Amino acid sequence: MRRISLPVLCSIIFILLIHSTAVSHAQSKPVANKDEAPLRVALAGLVHGHAFGFFDQFQKRTDIRIVGIAEADGQLVAHFEKRYGLEPGLFYSDLEEMLKKTHPQAVLAYTNTYDHRRVVEICARYGVPVMMEKPLAVSFEDARAIEKAARAGKIQVLVNYETTWFRSNQAAYDLAHENAIGEIRKIVVHDGHQGPKEIGVEPWFLAWLTDPKLDGGGALFDFGCYGADLATWLMDGRRPDSVTAVTQQIKPDVYPRVDDEATIVLTYPRAQVIVQASWNWPFSRKDMEVYGQKGYAITVGPDFVRVRLPESDETLANAKPLEKTKEDSVSYLRAVLLGGLKPEGQSSLETNVIVTEILDAARQSAATGKTVSLTGAR
């Protein structure tokens, strides 16, 4: 085992393994009581493959109750009815009709990305908050329309990324913001897998993932959004100065209409971000490297982080647990809607409008071969 100095070891333990005063303060904020009635939610769409993850993870939880599901595809409805033993009375073919009859406290969107704008605009008219699967929108224009609708309807709009609930990412953030590794100079984010067809996603999911209108792009939007989200969070909500992107169709016979390989470079006044989004990795991965002036943090899966600080060798640390309100998407949604927790960071609408601006600029850069400047007013 590599030896590290006692002060360095204490620093790592303090930042990664115990609850800091900041966490204690955050936990003292008003949050939903576990004994409160379950949050009444409705689902908009089932065509997103993450809908299975929702049912698998939360079906037996008592702090959430599904009151309606809006899905027009009868075959998809039948599939979910059978797989999860759902009552036929839960299903509606129209989102607006469902909202009128079920009066949910929140809507979870599992549509294609293109339909996110429509879902939010409808829900905003009824004052119903929305949490959707990443990314926020297929274009910056749609992102701004979603922002406008949310403001007019006075509703919360949240975006769910799996990586938001990785304690390793929070540990890397803390190391940077507690100045343990110094000011951030470079971030490298790797996200993706072998490809949606290669890993066997459902045919209805694959159909829109590979449609440039419904998905916004291929790997660029599907996985580039993770890196753009993490970078915006780590950079404290700052928009990059410029966006440069390269996309490829390494497997045009499999994905003839969209990119399957994308690299995005973001520049900031004192830092650079490289986002590597791919449907060509030999295995699934969601990890990142954060380099500061005097050290680095490299995430290893959801729970661990490799850290090197001044005058020490690299060490592997088990990141501290997240706050209860941020352990998963449902806990976070309850805390925001019932406990008064202010949305910020990875899930917030403000962050994800910037994320969509980055993705839109990346798509433009890849198409034109030119760097897109984001300096100045929007």
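Refer to the structure printed above.
In short, a report on the structure. (Residues numbered from 1 in each chain as written. Predicted model: local features only at pLDDT ≥ 70, side-chain atom pairs only at ≥ 80, totals over all residues. Heavy atoms only, no water.)

Turning to the sheet that holds strand β12 (residues 296–300), a few remarks are in order. The strand order across the open sheet built from 9 strands is β14-β13-β12-β11-β7-β10-β9-β8-β15, with neighbouring strands paired in mixed fashion. Edge positions in the sheet fall to β14 (315–318) and β15 (372–373), since each of these pairs with one other strand and no more. Summarising the sheet, strand β13 (residues 304–308) and β14 pair through 4 bridges and their orientation is antiparallel. Paired with Val307 across the bridge in β14 is Thr315. Strand contacts of helix α12 (residues 224–234): β7 (184–192), β9 (261–268), β10 (271–278) and β11 (285–292), with the helix running at about 155 degrees to β7, the strand carrying the most contacts. (Pairing = 2+ DSSP bridges. Helix = DSSP H or I, 4+ residues; strand = E, 2+ residues; numbered from the N terminus. Contact = heavy atoms within 4.5 Å. Axes fitted to C-alpha atoms, helices over the stretch in contact; angles between N-to-C directions.)

In this fold, Thr351 is placed in helix α14 (residues 349–368). On the accessibility criterion, Thr351 (7% relative accessible area) is buried. A distance of 2.8 Å separates the side chain of Thr351 from the backbone oxygen of Gly345, its partner in a polar contact. What Thr351 contacts, discounting residues up to four positions off in sequence, is Asp229, Thr232, Gly345 and Gln346. (Buried < 20%, exposed > 50% of the residue type's maximum accessible area, 1.4 Å probe, protein only. Polar contact = N/O pair within 3.5 Å; in protein donor to acceptor, adjacent residues only side chain to side chain.)

With that settled, the discussion passes to the packing of α12 against α14. Direction vectors running N to C along α12 and α14 enclose 130 degrees, while the axes themselves pass 9 Å from each other. Accordingly, the angle class assigned to the pair α12 and α14 is oblique. In terms of crossing hand, the pair formed by α12 and α14 is right-handed. For the pair formed by α12 and α14, the contact residues are Gly224, Cys225, Ala228, Asp229 and Thr232 on the first element and Thr351, Asn352, Ile354, Val355, Ile358 and Leu359 on the second. The class makeup of the residues in the contact of α12 with α14 is 6 nonpolar, 4 polar and 1 charged. (Parallel < 35°, antiparallel > 145°, perpendicular 65-115°, else oblique. Left-handed = near helix turned anticlockwise from the far one by under 90°. Nonpolar A, V, L, I, M, F, W, Y, C, P; charged D, E, K, R; others polar.)

Inspection of the sheet shows strand β8 (residues 242–248) paired to β9 by 7 bridges, in the antiparallel sense. Along β9, the bridge assignment pairs Ala245 with Ile264. Bridging between β8 and β15 involves 2 bridges; their strand directions are antiparallel. Within β15, the position partnered with Val243 by the bridge is Val372.

The next point concerns the pattern of salt bridges. By the definition in use, this model includes 21 salt bridges. Across the pair Asp211 and Arg257 runs a salt bridge whose closest N-O atoms are separated by 3.9 Å. Here Arg257 lies in the loop between β8 and β9 and Asp211 lies in the loop between α9 (203–209) and α10 (212–215), a separation of 46 residues in the sequence. A relative accessible area of 16% means that Asp211 is categorised as buried. A salt bridge links Asp360 to Arg363; its shortest N-O distance comes to 3.4 Å. Here Asp360 and its partner Arg363 are both found in helix α14, 3 residues apart, which amounts to about one turn of the helix. Each of the salt bridges in this network shares a partner with another, and the network as a whole consists of Arg61, Asp63 and Asp328. (Salt bridge = Lys/Arg side-chain N within 4 Å of Asp/Glu carboxyl O.)

With that out of the way, let us pick up the environment of Pro135. Within the fold, Pro135 resides in the loop between β5 (130–133) and α7 (140–153). Each C-alpha atom, one on Pro135 and one on Val353, is 9.7 Å from the other, the two residues being 218 residues apart in sequence. The contact partners of Pro135, leaving out residues within four places of it in the chain, are Thr113, His116, Val159, Tyr161, Phe221, Cys225 and Leu359.

Here the focus is the packing of aromatic side chains. Enumeration according to the criterion identifies 16 aromatic pairs in this entry. Centre to centre, the rings of Tyr161 and Tyr226 are 5.7 Å apart; their planes meet at 70 degrees, and the pair counts as edge-to-face. With Tyr161 in the loop between β6 (157–160) and α8 (167–177) and Tyr226 in helix α12, this residue pair connects regions lying 65 residues apart in the sequence. With respect to class, Tyr161 is no different from Tyr226; both count as buried. Centroid distance Phe205 to Trp208: 5.5 Å. Interplanar angle 50 degrees. Geometry classified as tilted. In this pair, Phe205 and Trp208 are both assigned in helix α9, 3 residues apart and thus about one turn of the helix distant. What makes Phe205 buried here is its relative accessible area of 8%. (Phe/Tyr/Trp six-rings, centres within 6.5 Å; stacked < 30°, edge-to-face > 60°.)

Turning our eyes to something else, we now look at the sheet that holds strand β1 (residues 39–44). Spatially, 6 strands are ordered β3-β2-β1-β4-β5-β6 in an open sheet, and the strand pairing comes out parallel. Each edge of the open sheet carries a strand with a single partner, namely β3 (91–92) and β6. Sheet topology places strand β4 (residues 106–109) next to β5; 3 bridges connect them, and they run parallel. Its bridge partner lying in β5, Val107 is registered against Val130.

Counting 82 residues, the largest nonpolar core has Leu95, Val107, Leu136, Val157 and Ile264 as the members making the most contacts within it. It is α14 that contributes the most residues to this core, 8 residues altogether. Excluding residues within four positions of it along the chain, Val107 makes contact with Ala42, Ala44, Leu99, Val119, Cys123, Val128, Pro129, Val130 and Met131. Val47, Phe54, Ile69 and Val201 belong to the second largest nonpolar core, which has 35 residues in total. (Core = buried A, V, L, I, M, F, W, Y, C linked by side-chain atoms within 4.5 Å.)

On to α14, then. Given a rise of 1.5 Å per residue, 20 residues ought to cover 28 Å, and the 28 Å separating the end C-alpha atoms of α14 matches this to within 8%. Directly after α14, the chain includes Gly369, whose backbone phi takes a positive value near 75 degrees. (Expected span 1.5 Å × (residues − 1).)

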